[in-house]
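Secondary and tertiary structure notes
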Amino acid sequence: MQSRLDEIAKGILASYNEVGGLNNTDRHNLPSKRAMDNLCEQLLQFLFPGFHDERPIHKNDLAIITRERLRALSEQFEDQIAKGLSVSCPDSLLCSASEVLMRFLERLPAVRELLRTDILAAYEGDPAASSNEEIILSYPFLEAIAIQRCAHVLYGECVPLLPRMMTEWAHTRTGIDIHPGAQIGEYFFIDHGTGVVIGETSRIGKRVKLYHGVTLGARSFVKDESGQIVKGGNRHPEVGDRVTIYPNSTILGGETLIGDRSTIGANVFLMQSVPPDSLVVYEEKQLRILNKSKRPASEDIEWFI
Amino acid sequence: MQSRLDEIAKGILASYNEVGGLNNTDRHNLPSKRAMDNLCEQLLQFLFPGFHDERPIHKNDLAIITRERLRALSEQFEDQIAKGLSVSCPDSLLCSASEVLMRFLERLPAVRELLRTDILAAYEGDPAASSNEEIILSYPFLEAIAIQRCAHVLYGECVPLLPRMMTEWAHTRTGIDIHPGAQIGEYFFIDHGTGVVIGETSRIGKRVKLYHGVTLGARSFVKDESGQIVKGGNRHPEVGDRVTIYPNSTILGGETLIGDRSTIGANVFLMQSVPPDSLVVYEEKQLRILNKSKRPASEDIEWFI
Amino acid sequence: MQSRLDEIAKGILASYNEVGGLNNTDRHNLPSKRAMDNLCEQLLQFLFPGFHDERPIHKNDLAIITRERLRALSEQFEDQIAKGLSVSCPDSLLCSASEVLMRFLERLPAVRELLRTDILAAYEGDPAASSNEEIILSYPFLEAIAIQRCAHVLYGECVPLLPRMMTEWAHTRTGIDIHPGAQIGEYFFIDHGTGVVIGETSRIGKRVKLYHGVTLGARSFVKDESGQIVKGGNRHPEVGDRVTIYPNSTILGGETLIGDRSTIGANVFLMQSVPPDSLVVYEEKQLRILNKSKRPASEDIEWFI
């Protein structure tokens, strides 16, 4: 058995060498998935002190704990930013890791102000929500939007891997996949959330409410002369203020604009713009309601239809 | 850099003070998210001894281990219940934490009996299921319904935060979001499960089978004179006995009743009641099947449509 | 309180005895959920050295680390395979645990070659992907397909519980539920992924691209004389080469064949075969776009429709 294991090790080592692009051993500067996961947890603790801790934090200790957490967060974040820059930044003089870090941290109070509006939107938008505390303790969208709003700050910096790793951490935990590039206005709320996808170039207005399973996606990709997809470009919809989109609707296209105050029904597939104050649904008469007991029964089949 | 960090700490501390409702430092009695997550794991170990453990449990040790687990569970649960009561209960004399705990624990054998019917329903309802053991070891719906049936017992008590935190723990792990308030009959089965949402006031009969992505949701919200959504009220559908609902269908409304033995097709958006023995689908002729090769091709675009 | 706890322990112990099929104490050989979760993490580390580690691995250390990891993986995997065989294999002479393990490990270089094509497919198929490293670090589908391709190797062996536990580990992390039995060609890509379900007998060609929420599911189940569902049989669709399926579409049935190079739109429910080069969508005119402001308003209701 040992000799077979040796052979297998040889085979897999050969595969590491032969099959390019799969390993990380000669790229010492890639950010670490585990370190980024850990940083996301620390960020949530920092943004909502007491809620993500084992035990509550006393008011008198808050200043000391906050400074201590900021110091620990900074140290580890700077390390990952340095790795991110080494992969992506052509000119590391322009983008020093500590400079990127400071720009990021200095935006956190503003991020926190936005999150306050999101919590209020959840409370106003969900009859089942009984308090702000319940929303912070048990609404998955809040974790997703907190991490995305932080990642969006980093999105403008020269470290594209880091914000993507952050939003994927939230995606794993919540089923909500918001690209760091998406621009999202204040008082945003996603109820339930599982299966929501918001693409990189989406622009979302104020007081927008989405249900689970809603997609703001790309419709078509521009290709270059060699047939390769052109990266970048405006590919995802724009959603106006005070729009509500019901579960599992799919809206595609960079030219698609959903006008202010519109309501999109559930399970709609939409690839065109709609004016303000629209209501979009399928015709009800398309639904067939048949009586199963009047159909010829087949003994050995549990028919679906 | 240290002075900039000091400034940032000041800014975030100011934000803790200015932006209300975001922190937990002066509310010492909120339940702990981590403690509740841990309790959910312990509950599953307690309900399915041996399945969630590192190693199997010998029959002869079961009584001792069970008593020991019950003791540990009780101690930690009572602590969280006391915190929950301090937030929500106007009269802590009526609701002592130990009394709430006992009422909860005394219902667990009945919960376990219901879960046995759910396992049988999964075995009968899924041709891919090869044994009850496979269902306990690898079907996510079982974790979700086990936690929800426990949370539903607590739902009647004066601790609304706790059951919500429990079902969110299961939601994170399974993608299945069942509100603690939902009333669910025996022999319940959800296949795959990701994206299922079952709202607070849903009533589900016996032998109901759902596929992933099914929503039982609210249609409209009653508002009071000041324009605020009225909390509570019957907002979600009622589903009769032996109903099957295929993937990604969305059923909304507190007045919507799905009659016994009905079948709802996939991707349906339904907001009306249907009588017993109904089959609900969209008309097939609405589907357009076009030949792409006969469309005028555009060289530089990978058209979706 | 102690006497009530004693009563509760008695009640739950009675329930362990009375309610069959719920506990594991007299089946000492069931595989362990935690051990399998741990093995899945080790597998990903082994397949993508450096990416799932705390710190990068130096090229010079790769051979030693790989052999060491293989040894540790083998030891633990053989233990679980032995348990799996004891549950499912009628003839343990034909299927020795170490033999099953070796057959599995010897296939890993080929699995790794397939995963290389999947990474390339993601890079080519997603304009938001900026590098192969980004895909390995932050695309959930890669974890799901890596684990499924490993589980598929074990699917042919006499240990059905193990591959199911592996794909459920990936399902929990990614929301992507691919049965170990599904046959999936090279250059496979799932974007976003949450809510994807691919059933046991699905057959998927080369260069297929799915979006989140796509289902390849069963349509109807054959029952035997006693009314029990017959296990096994071809129940799920076949998907040809170079097919793209947009979000949240549900395709059902073992007879359903999606011809090569076809495109299926979003939110489609399809239960029939379509020829090569098809484009499948609902008629656009079925969509109603109404002006909400022209509807009679009801003061106290926030209408959905």
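Residue numbers here run from 1 along each chain, matching the order of that chain's written sequence. Chains and ligands are labelled sequentially in the order written, the chains with letters from A and the ligands with numbers from 1. Reporting in this predicted model follows two pLDDT cut-offs: at least 70 for local features of residues, and 80 or more for side-chain atom pairs to be given and counted; totals over whole chains, interfaces and linings ignore these cut-offs and use all residues. Computation of side-chain values covers all heavy atoms of the structure but excludes hydrogens and water.

So, the overall build of chain A
Starting at the N terminus, helices and strands are each numbered in turn, a helix being any DSSP run of H or I of at least four residues and a strand any DSSP run of E of at least two. Scanning chain A from N- to C-terminus turns up 8 helices and 17 strands. Sorting the 305 residues of chain A into buried and exposed places 60% on the buried side. A sequence separation of at least 24 residues applies to 47% of the contacts in chain A between residues at least 6 apart. Here, Shrake-Rupley sampling with a 1.4 Å probe gives the accessible areas, and only protein chains in the shown set may cover a residue. Here chain A has roughly 11500 Å² of accessible surface; of this, 48% comes from carbon and sulfur atoms. The buried label applies to any residue whose accessible area, calculated with a 1.4 Å probe on protein chains only, is under 20% of its type's maximum; exposed applies above 50%, and partly exposed to all values in between. Pairs of residues are marked as contacts when any of their non-hydrogen atoms sit within 4.5 Å.

With respect to the packing of helix α5 (residues 108-125) of chain A against helix α1 (residues 2-18) of chain B
All axes here are fitted lines through C-alpha atoms, helices being fitted over the stretch that makes contact, and every angle between N-to-C directions spans 0 to 180 degrees. Relative to each other, α5 of chain A and α1 of chain B sit at 20°, their axes nearing to 9 Å. Classified by the angle their axes make, α5 of chain A and α1 of chain B are roughly parallel. Between α5 of chain A and α1 of chain B lies a crossing whose hand is right-handed. For the pair α5 of chain A and α1 of chain B, contact is made by L108, P109 and R112 of chain A and by G11, I12, S15 and Y16 of chain B, respectively. Put simply, angles under 35 degrees are roughly parallel, angles over 145 are roughly antiparallel, angles from 65 to 115 are roughly perpendicular, and the rest are oblique. Handedness of a crossing follows from how the near helix is turned relative to the far one, being left-handed for an anticlockwise turn of less than a right angle and right-handed for a clockwise one.

So, the pairing of strand β15 (residues 278-282) of chain C
Residue and element names in this part refer to chain C. Burial runs high along β15: 5 of the 5 residues are buried. With burial as the criterion, each face of β15 is covered, one bearing S278, V280 and Y282 and the other bearing L279 and V281. The rule for pairing is simple: two strands pair if DSSP sees at least two bridges between them. The pairing of strand β13 (residues 263-264) with β15 spans 2 bridges and is classified as parallel. Pairing of I264 across the sheet is with V280, part of β15.

Let's talk about the domain arrangement of chain A
Residues and elements named next belong to chain A. Domain extents, as shown, originate in an automatic or database domain assignment. Domain annotation of chain A identifies domain 1 (25-175) and domain 2 (195-284). The C-alpha centroid of domain 2 is placed 26 Å from the C-alpha centroid of domain 1. Contact with domain 1, which involves 4 residues of that partner, is made by 5 residues of domain 2. Summed over both partners, buried area is the accessible surface (1.4 Å probe) that two parts give up on being assembled. Summed over both partners, the interface of domain 1 with domain 2 buries about 280 Å², with 22% contributed by carbon and sulfur atoms. Area buried by domain 1 at its contact with domain 2 is led by G125, Y155 and G175, which between them contribute 83% of it. For this analysis, a salt bridge means a side-chain nitrogen from Lys or Arg found within 4 Å of a carboxyl oxygen belonging to Asp or Glu. Scanning the region where domain 1 abuts domain 2 turns up 1 salt bridge. Notably, a salt bridge pairs E124 with R207, separated by 3.9 Å at the nearest N-O pair. Whenever a nitrogen or oxygen atom comes within 3.5 Å of another N or O atom, the pair is scored as a polar contact, on the condition that within protein one atom can donate a hydrogen and the other can accept it, and that pairs from neighbouring residues in sequence are kept only if both atoms are in side chains. If you look at where domain 1 meets domain 2, you find 3 residue pairs in polar contact (both at pLDDT 80 or more). Residue classes in the side of domain 1 that touches domain 2 are distributed as 1 nonpolar, 2 polar and 1 charged. Residues are grouped as follows: nonpolar covers Ala, Val, Leu, Ile, Met, Phe, Trp, Tyr, Cys and Pro; charged covers Asp, Glu, Lys and Arg; every other residue, Gly included, is treated as polar.

A few points about the sheet that holds strand β11 (residues 250-252) of chain C
The pairing of strands in a sheet happens through backbone hydrogen bonds and is either parallel or antiparallel. Pairing is parallel across the open sheet formed by 5 strands, whose spatial order is β1-β4-β7-β11-β14 (chain C). The open sheet has two edge strands with one neighbour each: β1 (177-178) and β14 (269-270) of chain C.

Points about the environment of R34 of chain B
As for its position among the elements, R34 of chain B is in helix α2 (residues 33-47). Taking C-alpha positions, R34 of chain B is 39 Å from I258 of chain B, a pair spaced 224 residues apart along the chain. A polar atom in the side chain of R34 of chain B sits 3.3 Å from the backbone oxygen of H52 of chain A.

Focus: the packing of aromatic side chains
Think of it this way: a Phe, Tyr or Trp ring, Trp meaning its six-membered ring, pairs with another when their centres are within 6.5 Å, and the plane angle makes it stacked under 30 degrees, edge-to-face over 60, tilted otherwise. A full pass over the atoms with the stated rule returns 13 aromatic pairs over all chains. Where F141 of chain C meets F189 of chain C, the ring centres are 5.1 Å apart and the plane angle is 75°; that geometry is what we call edge-to-face. Residue F141 of chain C is found in helix α7 (residues 140-155), and its partner F189 of chain C is found in strand β3 (residues 189-191); the two are separated by 48 residues along the sequence. Pair check on accessibility: F141 of chain C and F189 of chain C agree, each one buried. Through pairs of rings, three or more aromatic residues link up here, namely Y139, F141 and F189 of chain A.

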